[in-house]
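# Structure assessment
Next come the chains, spelled out residue by residue.
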Amino acid sequence: MRLIPLLMSLVLLTITVILWPAAEHESALLAWVNVGLMLILSLLLIQYGIKLVRERREPPPGSRLRAKLVIALVGMLLIPAMVIQMAANQMVERGMDVWFDVRVDTLLDRALNLAQGFYERVEIDMKRSMVNYISDSTLIEAASGSLDYSSVTTYLAGIRGVEGWQKAELFDINELLVGGVQLGELSALQAEPLSESAKLSMRLGRVATELLTRDGGEVAVGYAPIVGPTSVIGLLRVEIRLPAGVIQNARAVESDYRSYRQLEHNRQNIRETFTHVMLFVTLLVVLVAGLVGLLFARRLTAPVGDLADALRRVTEGDLNVAISESSQDELGSLARSFNTMANRLKMNVEAIEQAQQDLTKALDNSRQRQYVLESLLANLHTGVLLVDGGGRVRLLNQAVREILQLPDNWMPSVDILQATQGSLHDIGEFYGELSQQQEDHLQREFDIELSEGRSLHVLARGARLSETGASGFSGYLLVIDDISDLAEAQRNKAWAEVARRLAHEIKNPLTPIKLSAERLQRRFRSQVDDEKVFDVCTHAIIAQVERLQRLIADFSTLARMPQPKIRQASVASLLREMDELFNSYRRLDVRSCDADWSCCCDPDQVRQVLINLMDNALAATEGMGGKAVRLYARMSEECVEWHVEDDGVGIEAASAAQLFEAYYSTKSNGSGLGLAIAKRIAEDHGGRLNLVSAAKPTHFCLRLPRRVEEMEES
Amino acid sequence: MIPLLAAFFIAVCGTASAAERSTLNVQMDDRVIYCAATLKNSDDIFFHALKDGIPVATVWSVQVDRPREYWLNKSIAGIVVVRRVVPDLLSRSWLLEDQASGISRRVYTVSEVSRFLSNLDHFPVLDRSLLAANTVYLMRASVELHTGDINDAWWNGLMKSPHDTMQQEFSLP
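Bear in mind the structure is a predicted one, so any value in this text is a computation, not a measurement.

When its secondary structure is counted, chain B shows four helices and nine strands. When the helices and strands of chain B are listed from N to C terminus, the series reads α-β-β-α-β-β-β-β-α-β-β-α-β. In chain B, buried positions account for 38% of the 173 residues.

Structural data, given as structure tokens:
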């Protein structure tokens with residue numbers, strides 16, 4: 001379809017080249033007009049064809065249909081027009097063959113020969129008759145001036161009558177009229193001057209004739225030289241009026257012959273002129289038909305184009321379209337139906353858009369609420385678990401992961417009863433109790449043993465979420481708080497209160513008891529029978545009182561732990577002091593460090609901690625050889641660490657968990673406050689006291705921050 | 001041998017291509033500039049038409065221009081001469097008509113017809129006073145041949161191309 005205009009232009013150009021006019025063409029103007037028309041048509045077709053070929057996007061609505069209609073209309077006209085032109089050309093060709101038939105040609109030749117024969121006969125007869133008078137003696141005398149005028153005219157009248165001439169005139173050698181006669185009246189008193197032919201005849205001495213046309217008709221004029229004894233002495237001029245009827249017919253034959261020959265000469269031109277006229281008419285018809293077809297097609301396809309354009313706009317989402325419903329035919333009905341459809345579509349789309357806006361607003365609110373809830377849960381330090389009715393975790397926040405150190409498999413949709421096997425069984429039991437009980441709320445405190453021997457004291461609160469109409473969700477909300485620090489603080493406070501009361505109640509009577517025992521020993525030792533038993537008893541009283549006093553002092557210390565006096569202390573100095581203090585123990589190995597190492601701490605309290613750790617290590621390695629106890633320090637960018645290792649029997653796993661609790665001791669004479677106080681000192685410094693390993697070796701680490709800022713942050 | 005053949009070939013070709021060319025000569029006396037033009041290679045066209053009694057005419061257009069190097073030539077004078085021959089088949093004579101002067105005469109020889117149609121002998125073109133001395137002028141003559149009646153319609157001249165053209169530069173001494 002796209003190539004049809006180009007093909008048509010190619011055909012048209014081929015015809016143009018074939019019909020290109022020759023230079024000597026008679027109807028060149030018409031030929032050039034045709035060529036111009038065909039070239040214009042070709043260019044228009046080529047332009048339209050190129051536009052169609054290069055057109056990538058969809059053409060304007062209705063243009064293709066319009067083009068098809070125009071092409072069809074022009075084609076319907078072009079084909080019969082070309083057939084008619086070919087038939088007409090053939091007819092002209094045949095007609096010209098008939099017109100210029102050889103028989104007509106022969107007939108005209110013969111007619112012309114007849115006419116020419118008449119003229120020749122007149123000429124021959126005139127010449128023959130005039131030859132007799134060339135040497136006529138009378139005329140010679142007359143031309144030489146020997147005869148008078150009347151004799152000459154009489155003689156001329158005689159021979160005119162004999163020969164049948166209309167006019168006879170005699171001239172002498174000087175071209176002067178000697179005498180003349182004429183049939184009827186004289187046409188002029190003065191003779192006409194001699195023509196070139198007459199002069200030539202007289203000069204050559206030869207009879208000549210010529211044909212003259214006058215008002216009365218054609219006249220044959222003859223010239224005969226009058227030859228004297230030695231030379232030409234005069235000229236006889238005679239005239240014969242040719243018969244008018246014969247002359248008329250002869251001239252008509254000549255005219256027809258000339259016309260026929262002229263037509264024959266222009267035979268090719270006539271044919272070409274006819275062809276070009278026909279072609280011109282055909283081209284005009286095609287042009288007019290094309291224009292009319294274009295107007296008709298435009299009028300016909302305009303509603304279709306409007307409809308297609310409106311459909312395209314509807315497809316692109318523009319529903320504010322309305323097309324003209326002016327016509328009352330099928331296209332008008334189609335336009336009305338389309339407008340109705342577009343209106344309904346527009347109303348539906350508006351309703352959908354309104355619903356979409358409502359939904360979007362609700363979704364935004366829901367997302368906002370969800371975001372607030374997620375932010376709240378993420379920033380909470382309280383662990384939150386949301387469990388659905390089927391026991392599957394639906395939501396858990398980061399805090400619960402950190403508090404319970406949940407493994408990675410704790411994801412939403414995990415079954416809580418299966419996931420709480422092992423150390424988290426208390427959580428599972430709490431959930432089970434909550435789900436089984438009648439009440440909607442439940443609160444419990446319990447300890448959870450985590451990895452690395454760390455235990456947590458948690459407060460778990462649960463609530464049953466009943467299904468409501470809006471949410472459609474039922475399940476359980478578990479809120480878990482790590483209250484280890486709170487519990488420990490409460491415990492410490494309780495112990496401090498106990499210590500304060502014990503110190504108050506016990507400390508006061510101990511001094512009189514001890515003084516009394518000493519007085520008894522001094523006053524009554526010599527009076528007793530068995531001094532040995534008396535000494536043992538009094539020493540025992542004094543020793544136990546002293547032990548109780550030390551115990552009371554430790555309790556007092558625990559109850560009123562002084563604030564550390566922070567200052568810059570040398571790590572190496574502390575190590576050296578420990579080495580000097582315990583240098584009597586050969587199994588102790590104190591490793592020195594760089595003298596530059598220092599940290600911010602209360603050196604007295606740190607020294608107390610180290611002494612406590614060293615005492616415990618030395619006690620655990622009693623009787624062992626080698627370097628069974630090792631003390632050394634390490635320093636990093638943030639902190640300083642003191643490490644105490646011993647190769648003693650180690651600490652049982654059960655004891656390790658309670659090692660730092662107050663009043664817990666594995667020694668028979670221990671107060672159980674040493675490590676508790678040491679831990680308290682470490683925490684007051686912003687550091688930590690850890691049991692790195694319980695046995696082989698038993699390894700404690702005191703870690704303190706190096707700078708005050710880090711201490712405050714801790 | 002080969003050079004001789006080549007020379008012969010060149011001579012033959014030269015002879016074949018050396019068709020007689022129309023000539024234009026400028027003549028002048030004390031007062032008038034004349035032209036003498038001869039049209040060659042046109043007798044066949046004349047006599048082919050005259051033989052069948054068809055009138056023949058030559059239209060001479062003589063133009064005198066002053067050549068200009070960077071613009072169109074300036075026209076000084078121009079003259080058109082129409083010479084027509086009407087054959088009389090009955091008397092086997094030819095009527096010579098000079099349509100510029102209106103003079104006509106009958107001749108009975110073909111040579112006169114040929115000379116009448118293809119020659120302009122000492123034909124006055126313009127007054128010498130119109131020309132300046134020591135200036136180069138260009139005289140151009142173009143000839144159109146017409147057989148049959150001359151079509152005087154305006155559009156006929158649009159497409160008609162001259163049969164022959166000739167030109168000659170001249171200047172006043």
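Turning our eyes to something else, we now look at the overall build of chain A. Of regular secondary structure, chain A possesses 20 helices and 17 strands. At 76 Å, chain A has a C-alpha radius of gyration far larger than the 27 Å of a compact globule built from 714 residues. Dimensions of chain A along its principal axes, counting C-alpha atoms only, are 245 × 70 × 40 Å. Evaluated residue by residue, chain A yields a buried proportion of 38% over its 714 residues. The contacts in chain A between residues at least 6 apart in sequence include a share of 61% that link residues at least 24 apart. On chain A, roughly 42,100 Å² of surface is accessible, and the fraction owed to carbon and sulfur atoms is 55%. Of the charged side chains in chain A, 76 are positive and 93 negative, and the gap between their average positions amounts to 4 Å.

With respect to the helices, strands and loops of the structure, Gln 116 of chain A is situated in helix H4 (residues 102-131). You can call Gln 116 of chain A buried: its relative accessible area is 8%. Excluding its chain neighbours within four sequence positions, the residues that come into contact with Gln 116 of chain A are Leu 89, Leu 90 and Arg 92 of chain B.

Residue and element names in this part refer to chain A. Tracing the chain through its elements places Gln 443 in strand S8 (residues 441-449). Classification of Gln 443 by relative accessible area gives partly exposed; the value is 48%. Separated by 223 residues in the primary sequence, Gln 443 and Ala 220 have C-alpha atoms spaced 162 Å apart. Gln 443 has contacts with Phe 430, Leu 459, Ala 460 and Arg 461, leaving out every residue within four places of it along the chain.

Residues and elements named next belong to chain A. Summed over the entire model, instances satisfying the criterion amount to nine aromatic pairs over all chains. Plain terms: the ring middles of Trp 20 and Trp 32 are 5.2 Å apart, the flat faces sit at 85 degrees to each other, and that makes the pair edge-to-face. Note that Trp 20 is positioned in the loop between helix H1 (4-18) and helix H2 (28-54) and Trp 32 in helix H2, a separation of 12 residues in sequence. A centroid spacing of 6.3 Å and a plane angle of 85 degrees characterise the contact between Phe 660 and Phe 700, whose relative ring orientation is edge-to-face. Here Phe 660 is found in the loop between helix H18 (653-657) and helix H19 (674-684), whereas its partner Phe 700 is found in strand S17 (residues 698-705), with 40 residues between them in sequence. When sorted by exposure, Phe 660 lands in the same class as Phe 700, which is buried.

Backbone torsion omega between Lys 696 of chain A and Pro 697 of chain A reads -10 degrees, so that peptide bond is classified as cis. If you check the backbone angles, Arg 92 of chain B has positive phi at about 55 degrees while not being a glycine.

Take the domain arrangement of chain A next. Partitioning chain A into domains gives domain 1 (4-99 + 279-306), domain 2 (117-264), domain 3 (380-482), domain 4 (489-559) and domain 5 (567-713). The centre of domain 1 of chain A, based on its C-alpha atoms, is set 137 Å off from the matching centre of domain 4 of chain A.

So, about the sheet that holds strand S1 (residues 23-28) of chain B. Residue and element names in this part refer to chain B. Pairing within the open sheet is antiparallel, and its three strands lie in the order S1-S2-S7. The open sheet has two edge strands with one neighbour each: S1 and strand S7 (119-127). Shown here is a sheet whose adjacent strand axes are inclined to one another by a mean of 25 degrees, direction ignored. Relative to strand S2 (residues 32-38), S1 runs antiparallel, the two sharing six bridges. Directly across from Asn 25, in S2, lies its bridge partner Ala 36. Across the face of the sheet, helix H3 (residues 110-118) comes into contact with S2 and S7 while running at roughly 30 degrees to S7.

Turning next to helix H7 (residues 196-204) of chain A. Residue and element names in this part refer to chain A. Regarding H7, the residues found buried are Ser 197, Ala 198, Ser 201 and Met 202. Buried positions in H7, seen along its axis, are confined to an arc of 135 degrees and lie on one side of it. In H7, the exposed positions that point more than 90 degrees away from the buried face belong to Glu 196, Arg 203 and Leu 204. Close packing links the buried residues of H7 with strand S1 (167-172), strand S3 (208-214), strand S4 (217-227) and strand S5 (232-241). Residue Gly 205 follows H7 closely and has a positive phi angle near 75 degrees.

Every contact between the two is made by 19 residues of chain A and, on the other side, 22 residues of chain B. Between chain A and chain B, a total of about 1,800 Å² is buried, with carbon and sulfur atoms accounting for 56% of that surface. Three residues, Leu 29, Arg 258 and His 265 of chain A, lead the burial of chain A against chain B; their summed loss comes to 31% of the area buried on that side. Between Arg 92 of chain B and Glu 120 of chain A there is a salt bridge; the shortest N-O distance is 2.5 Å. Taken together, the connections running from chain A to chain B amount to nine residue pairs in polar contact (both at pLDDT 80 or more).

Turning our eyes to something else, we now look at the side chain of Thr 275 of chain A. Residues and elements named next belong to chain A. Note that Thr 275 resides in helix H9 (residues 267-315). Polar contacts involving the side chain of Thr 275 include one to the side chain of Asn 89, which spans 3.3 Å. A polar contact of 2.9 Å, which involves the side chain of Thr 275, links it to the backbone oxygen of Arg 271. Ignoring any residue separated from it by four or fewer positions in sequence, one finds Thr 275 in contact with Gln 85 and Asn 89.

Residues and elements named next belong to chain A. Take Asp 647: it is sitting in the loop between strand S15 (639-646) and H18. Aside from chain neighbours lying at most four places away, what touches Asp 647 is Thr 621, Met 624, Lys 627, Ala 628, Arg 630 and Pro 697. Engagement of the side chain of Asp 647 in a polar contact is seen with the side chain of Arg 630, the distance being 2.9 Å.

The subject of this paragraph is helix H16 (residues 571-581) of chain A. All names here are of chain A. Within H16, burial applies to Val 571, Ala 572, Leu 574, Leu 575 and Met 578. Down the axis of H16, the buried side of the element spans an arc of 160 degrees, and every buried residue falls inside it. In this fold, the buried residues of H16 make contact with strand S11 (567-570), strand S12 (588-590), strand S13 (598-601), helix H17 (603-620), strand S14 (629-635) and S15.

Further remarks concern the nonpolar core. All names here are of chain A. Membership of the largest hydrophobic core comes to 40 residues, with the highest contact counts inside it found for Met 130, Leu 139, Leu 156, Trp 165, Leu 170, Ile 226 and Leu 236. Here this core gets seven residues from one element, more than from any other, and that element is H4. Ignoring anything within four residues of it in the chain, the contact list for Ile 226 reads Tyr 133, Ile 134, Leu 139, Ile 140, Ala 143, Leu 170, Ser 231, Val 232, Ile 233, Gly 234, Leu 235 and Leu 236. By size, the runner-up hydrophobic cluster in this structure holds 39 residues, among which are Cys 599, Leu 613, Val 629 and Phe 700.

Looking now at the packing of H4 of chain A against helix H8 (residues 244-265) of chain A. Residues and elements named next belong to chain A. In the contact formed by H4 and H8, the axes pass within 9 Å of each other and the chain directions differ by 145 degrees. As for the relative orientation of H4 and H8, their crossing is left-handed in sense. Contact with H4, carried on its side by Val 104, Asp 105, Leu 108, Asp 109, Ala 111, Leu 112, Ala 115, Phe 118 and Tyr 119, involves Val 246, Ile 247, Ala 250, Arg 251, Val 253, Glu 254, Asp 256, Tyr 257, Tyr 260, Arg 261 and Glu 264 of H8 and no other residues of that element. Grouping the constituent residues of the contact of H4 with H8 by class yields 13 nonpolar, no polar and seven charged.

Cut-offs applied
- Residues numbered from 1 in each chain as written.
- Chains lettered and ligands numbered in written order.
- Predicted model: local features only at pLDDT ≥ 70, side-chain atom pairs only at ≥ 80, totals over all residues.
- Heavy atoms only, no water.
- Helix = DSSP H or I, 4+ residues; strand = E, 2+ residues; numbered from the N terminus.
- Buried < 20%, exposed > 50% of the residue type's maximum accessible area, 1.4 Å probe, protein only.
- Rg over C-alpha atoms; globule rule 2.2 N^0.38 Å.
- Contact = heavy atoms within 4.5 Å.
- Areas by Shrake-Rupley, 256 points an atom, 1.4 Å probe, with all protein chains shown as cover.
- Lys, Arg positive; Asp, Glu negative; His and termini not counted.
- Charge placed at Lys NZ, Arg CZ, Asp CG, Glu CD.
- Phe/Tyr/Trp six-rings, centres within 6.5 Å; stacked < 30°, edge-to-face > 60°.
- Domains from an automatic or database assignment.
- Pairing = 2+ DSSP bridges.
- Axes fitted to C-alpha atoms, helices over the stretch in contact; angles between N-to-C directions.
- Arc of directions from axis to C-beta.
- Buried area = accessible area lost by both parts, 1.4 Å probe.
- Salt bridge = Lys/Arg side-chain N within 4 Å of Asp/Glu carboxyl O.
- Polar contact = N/O pair within 3.5 Å; in protein donor to acceptor, adjacent residues only side chain to side chain.
- Core = buried A, V, L, I, M, F, W, Y, C linked by side-chain atoms within 4.5 Å.
- Left-handed = near helix turned anticlockwise from the far one by under 90°.
- Nonpolar A, V, L, I, M, F, W, Y, C, P; charged D, E, K, R; others polar.

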